[in-house]
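Chain and residue survey
These are the residues of each chain, in order.
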Amino acid sequence: MRWHISIYIPTEEQTRNPETDGHHDAERTLAYWSTTGTLGWLRELKEQGKAEEVLASGYPLRHIAHARDVLPLLADETRLGMNGYLHHASIHPGAVAACSEDQLLVIDAMDQS
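In short, a report on the structure. (Residues numbered from 1 in each chain as written. Predicted model: local features only at pLDDT ≥ 70, side-chain atom pairs only at ≥ 80, totals over all residues. Heavy atoms only, no water.)

Comments concerning the side chain of Ser34
- Note on placement: Ser34 falls in strand S2 (residues 29–35).
- Within polar-contact distance, the side chain of Ser34 engages the side chain of His4 at 3.2 Å. (Helix = DSSP H or I, 4+ residues; strand = E, 2+ residues; numbered from the N terminus. Polar contact = N/O pair within 3.5 Å; in protein donor to acceptor, adjacent residues only side chain to side chain.)

Okay, here's the thing in structure tokens:
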């Protein structure tokens, strides 16, 4: 499978209703990338109770999680690729650094297969 992943700070509307359209401004984006690997890191967050799936269609798979649980993963790009190739990775260090650990984040994973 090929996935495109975006991690961003939700709008007020998206916070109230996580199923709202995932359109977001660039300044809300913390990271995005494509991979041919698995979403094992996301599955692990779910199994640990640190991420909640709010949409399951694959267009996108949408999860919400707190920054304290997600942002440390961005430091290890090999983990994000999970045994696949990582493509077009873009992590915005300024936005990541400015994000409080209690900030709720949206993780969108779009199936590109």
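Let us keep going from here.
Examining the packing of aromatic side chains
- Across all of its chains, the model carries 1 aromatic pair by this definition.
- Ring geometry for Trp33 and Trp41: centres 5.9 Å apart, planes at 45°, overall tilted. Neither residue differs from the other here; Trp33 and Trp41 are each classed as buried. (Phe/Tyr/Trp six-rings, centres within 6.5 Å; stacked < 30°, edge-to-face > 60°. Buried < 20%, exposed > 50% of the residue type's maximum accessible area, 1.4 Å probe, protein only.)

So, helix H2 (residues 40–47)
- All buried positions along H2 are accounted for by Gly40, Trp41, Leu42 and Leu45.
- Once H2 finishes, Gly49 follows within two positions and takes phi at roughly 75°, a positive value.

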